Amino acid sequence: MDILPESNDQYGTKQYWNQRYAQEDDDASFDWFKSYSEIADILRSLIPDKRSRILMLGCGNSKLSEDMYDDGYHNIVNTDYSSIIIEKMKQRHGDARPQMEWHEMDVRDLKFDDSSFDVAIDKGTMDAMMTAKGDIWNPPQQVVDDCTREVREVIRTLRKEMGVFIYLTFGQPHFRKRYLTVPGTKLEIRELGEAFHYYLYILRT
């Protein structure tokens, strides 16, 4: 199988990611959008306490958790619905970064207790669920349901009145705000980049 899918909608399937991760070298890594070094100052300002319990949504084989850990954020809980990549990441980081946790889990059905995290980070995971074929202005119901479920689960697991959901994407506000406008929360949107824009959505509980 080629690394790139035959069509973009495969990015939203567990089968594609399991096949991709099984094919890749054990030390392979891939980061959607920005690297940690490019957004480190922003994340440090949003997460000033390095003891914060951080939930990484759809970690894949990204180096984000690794780089954050090496920057002092040791309380990181990584999730992905691919059992293959979770096992690979456990093997890769178990000795060097023993405080990090790795769990096979779907972001739409998190198995954590309510109010158990200070911060949740999504860097491309929700975007993968939006790759289903259809009109981007009027997405398929499955896309709406999947994204809504992720946001609902994230808000449930964040600490009340102090939790922060950080979502980095290329998705413009008119395509993303519908999922992130939730009663009882506050949404901030920042535009990043120059020639090509990225967006940072910061949802506070």
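See the structure above.
A few points about the side chain of Arg-108
Right, so step 1: Along the chain, Arg-108 falls in the loop between strand S3 (101–104) and strand S4 (119–123).
Right, so step 2: Take Arg-108: its relative accessible area is 18%, and that puts it in the buried class.
Right, so step 3: Only 2.7 Å separates the side chain of Arg-108 from the side chain of Asp-106, close enough to count as a polar contact.
Right, so step 4: Residues within four places of Arg-108 in sequence aside, it is in contact with Tyr-81, Met-129, Asp-146, Arg-149, Glu-150 and Glu-153.

So, the packing of aromatic side chains
Right, so step 1: With the rule as written, the count across this model stands at four aromatic pairs.
Right, so step 2: Centre to centre, the rings of Phe-112 and Phe-117 are 5.0 Å apart; their planes meet at 80 degrees, and the pair counts as edge-to-face. Both residues of the pair, Phe-112 and Phe-117, belong to the buried class.
Right, so step 3: Taken together, the aromatic side chains of Phe-165, Tyr-167 and Tyr-201 make up a single cluster linked through ring pairs.
Right, so step 4: Its end group placed over the ring of Phe-117, Arg-53 keeps NZ or CZ at 4.2 Å from the ring centre.
Right, so step 5: Just above the ring of Phe-170 sits the side chain of Arg-176; from NZ or CZ to the centre is 5.9 Å.

Some points on the packing of helix H6 (residues 141–157) against helix H7 (residues 173–180)
Right, so step 1: At a minimum axis distance of 9 Å, the contact between H6 and H7 shows a crossing angle of 55 degrees. As far as their axial angle goes, H7 and H6 are oblique. Between H6 and H7, the residues in contact are Val-143, Val-144, Cys-147, Thr-148 and Val-151 and Arg-178, Tyr-179 and Leu-180, respectively.

Describing the sheet that holds S4
Strand pairing within a sheet occurs via backbone hydrogen bonds; the two strands may be parallel or antiparallel.
Right, so step 1: The strand order across the open sheet formed by seven strands is S3-S2-S1-S4-S5-S7-S6, and the pairing between neighbours is mixed. This sheet does not close on itself; its edge strands, each paired only once, are S3 and strand S6 (186–192). Here the average twist between neighbouring strands, direction ignored, is 20 degrees.
Right, so step 2: In the sheet, strand S5 (residues 164–169) pairs with strand S7 (residues 198–204) via six bridges, with the strands oriented antiparallel. Among the inter-strand pairings, Val-164 is bridged to a residue of S7, identified as Arg-204.
Right, so step 3: The strands touched by helix H4 (residues 83–93) are strand S2 (76–80) and S3; relative to S3, the strand with the most contacts, the crossing angle is about 165 degrees.

Quick word on the side chain of Lys-88
Right, so step 1: Residue position: Lys-88 is located in helix H4.
Right, so step 2: Beyond its immediate stretch of four places on either side in the chain, Lys-88 contacts Tyr-21, Ala-22, Glu-24, Asp-25 and Asp-26.

Comments concerning unusual backbone geometry
Right, so step 1: Backbone geometry at Ser-115 places phi at a positive 55 degrees, although glycine is not the residue there.
Right, so step 2: Mapped onto the secondary structure, Ser-115 falls in the loop between S3 and S4.
Right, so step 3: Under the relative-accessibility criterion, Ser-115 is labelled partly exposed at 28%.
Right, so step 4: Here the phi dihedral of Glu-161 falls at roughly 65 degrees; this positive angle occurs in a residue that is not glycine.

As for the nonpolar core
Right, so step 1: Ranked by internal contacts, the top residues of the largest apolar core, which has 33 residues, are Ile-47, Ile-54, Met-68, Ile-121 and Ile-166.
Right, so step 2: If you list the elements that add at least two residues to this core, you get helix H1 (14–23), helix H2 (36–46), strand S1 (54–57), helix H3 (64–70), H4, S4, S5 and S7.

Points about H4
Right, so step 1: The complete set of buried residues in H4 reads Ile-85, Ile-86, Lys-88, Met-89 and His-93. All buried residues of H4 lie within an arc of 165 degrees about the axis, which places them on one face of the element.
Right, so step 2: Those residues of H4 hidden inside the fold are in contact with H1, H3, S2 and S3.

Quick notes on the rules
Residues numbered from 1 in each chain as written. Predicted model: local features only at pLDDT ≥ 70, side-chain atom pairs only at ≥ 80, totals over all residues. Heavy atoms only, no water. Helix = DSSP H or I, 4+ residues; strand = E, 2+ residues; numbered from the N terminus. Buried < 20%, exposed > 50% of the residue type's maximum accessible area, 1.4 Å probe, protein only. Polar contact = N/O pair within 3.5 Å; in protein donor to acceptor, adjacent residues only side chain to side chain. Contact = heavy atoms within 4.5 Å. Phe/Tyr/Trp six-rings, centres within 6.5 Å; stacked < 30°, edge-to-face > 60°. Lys NZ or Arg CZ within 6 Å of the ring centre and 35° of its normal. Axes fitted to C-alpha atoms, helices over the stretch in contact; angles between N-to-C directions. Parallel < 35°, antiparallel > 145°, perpendicular 65-115°, else oblique. Pairing = 2+ DSSP bridges. Core = buried A, V, L, I, M, F, W, Y, C linked by side-chain atoms within 4.5 Å. Arc of directions from axis to C-beta.

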